[in-house]
Amino acid sequence: MKHISMNSLRNDSFLKKLSFACNEKVITFFLLLLLCVPYCSAQNITIKGKVTDSSKEPVIGAAVQVSGTTNGTITDTDGNYTLSNVSSNGTLVFSYVGMVPQKISVAGKRVINVVMKEDNVVLEETVVIGYQTVKKKDLTGAVSVVKTDDFKNKNNLSIGDALQGTASGVSVRSSGEIGSTPTIQIRGTANLTNNDPLYVIDGMPTSNDVNFNVNDIESIQVLKDASAAAIYGSRAANGVVIITTKQGREGKTKYEFDSQLSANWLPRLDMARATEWKKYYDDAFDNAIALGVEGVTKRLNHWDNDTDWQSEFFKTGVTQNYDFSFSGGGKGGAYRSSFNYLDNSGTTIGRHLNRLTARLNSNGKLGIFNIGESLQVGQTNVKNIGGSMTSVIRMIPTVPVYDTSSFGTTNGYGRGSLTNARTLGSNPIADANNGDNRTQSLFIRGTAFAEAQIFSFLKYKLNLGADISDNETNTWRTGYATALNGSDSNSSATDSGTRNITYLVENTFTFDKKINKHTINAVIGNSYQNTMYKTYSASKQKL
């Protein structure tokens, strides 16, 4: 019988524990090593690049996203992008409306330039260029096509809003002022004076303004280069934006109602409140006294007010947009009519816009003849009184909005004090309430046409157009000064107005014949356009 001592058992147990502890440490080491491997092999990097189309034009607003993540960005007005925190072995997805999405492996590259190609389905679309229509694949000039589906989910108050981020080579900038229209530039700045493109709505050359219902748009064609816009002459030097409105279709009457309600806020700046402002102001006077600045012997007194000028001037802007339309037609013709009401309360006090428009589009065919019209009428009212962001920034927080002690000299509004609150800014609330400024615009814009299919390959078209607008602005001011360094002036009232009348007469012949695999398309004609401009103004002081 073999005897085993207690010492042997203890040693054996100790060795087992030691072996287990060693194994546990080895396993832990390998687990940490495995966790470090992906981190070491897939570092995050920053990628830059440029996105262009097949014509080497920058694609503005193209989406660039890391596949499988929410990390992404969009290209700027030059088509450039910068994307941080990208895995070196990840994949970037490039997408844009009307173009084929592309997936590109990063593979450690820090610069990735992409040329996006148009979708083949898009190339089969019919495009309006000047006085004719062609398939997009047959175009030789640079043209972008924007469909309703490309912007229907956006809050569109103007043509510029619809074009923003939907057409390559087109940049849109807006001042944000209520009643103003965004500035549209095609292929950047062409000159130092006027860079606005020519606008053509249903064959009528016109201007970009707020008197247009974006919900009526069927498609937008942007002619970007000289070859595409040449038929319009020198007025198309900055490009052409051609808008085609919706038409009726054969079938039963179709009713549509669309409504949008949105809220808007201005971004707030991080401005000093009264306590912080007093400290900095006192420090400035203390330093001036210590340096012996002439005329500075003591601190100024402070008022106990703590005015948040941004809260006083800003407000929640509510935009309401209601659109009702009905359309239908038969074999002999079709019709579509729409009514739109837009109301924008603005994001600052003293500003408001509302607009009411109505449109009728119809066409009919009898034998070789085809006639139709596109007509829009409406009214726009804009209230735009003083008060600016500059004043909001420059007014100090210790100045009260209302100062009843100064009623009769500043109409009860605070504007600062030489002994308590020196400021160079004007009271923006006083600016907005010490007067009024309203503009009413009545407008009618439309075209009527008659076509005759003389032969299967030859068509004659007469196009008549009119664009008439009547604008009246009423302004009055109390004359009270709203700034500390200002002085009262006479109260005044002004009534001014403008009337613009434009007529258009066009005659064109279109030759369109297909011979075997070849197609010959030619247009010849003449266009006569006359514009009359009238203005008046009357004012009175010391009301």
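Residues numbered from 1 in each chain as written. Predicted model: local features only at pLDDT ≥ 70, side-chain atom pairs only at ≥ 80, totals over all residues. Heavy atoms only, no water.

### What about the pattern of salt bridges?
Side chains carrying opposite charge are able to pair once their charged atoms draw close together.
And then number 1: The tally for this structure, following the rule as stated, stands at 13 salt bridges.
And then number 2: A salt bridge links R299 to D282; its shortest N-O distance comes to 3.5 Å. Of the two residues, R299 sits in the loop between α5 (274–290) and α6 (309–313) while D282 sits in helix α5, which places them 17 residues apart along the sequence.
And then number 3: For R299, a relative accessible area of 42% puts it in the partly exposed group.
And then number 4: With its nearest N and O atoms 3.5 Å apart, the salt bridge here joins R445 to D467. Linking R445 in strand β22 (residues 435–455) with D467 in strand β23 (residues 458–477), this pair joins segments that are 22 residues apart in sequence.
And then number 5: The exposure class of R445 is buried, given its relative accessible area of 5%.
And then number 6: D467 sits in the buried class, given a relative accessible area of 13%.
And then number 7: One continuous salt-bridge network, built from bridges that share partners, spans D202, D216, R336 and R359. (Salt bridge = Lys/Arg side-chain N within 4 Å of Asp/Glu carboxyl O. Helix = DSSP H or I, 4+ residues; strand = E, 2+ residues; numbered from the N terminus. Buried < 20%, exposed > 50% of the residue type's maximum accessible area, 1.4 Å probe, protein only.)

### Concerning the pairing of β22
And then number 1: Sheet topology places strand β21 (residues 369–384) next to β22; 15 bridges connect them, and they run antiparallel. For L375, the partnering residue across the bridge sits in β22 and is G446.
And then number 2: In the sheet, β22 pairs with β23 via 20 bridges, with the strands oriented antiparallel. Following the sheet pairing, Q440 is matched in β23 by E472.
And then number 3: The antiparallel hairpin formed by β22 and β23 contains two residues in its connecting segment. (Pairing = 2+ DSSP bridges.)

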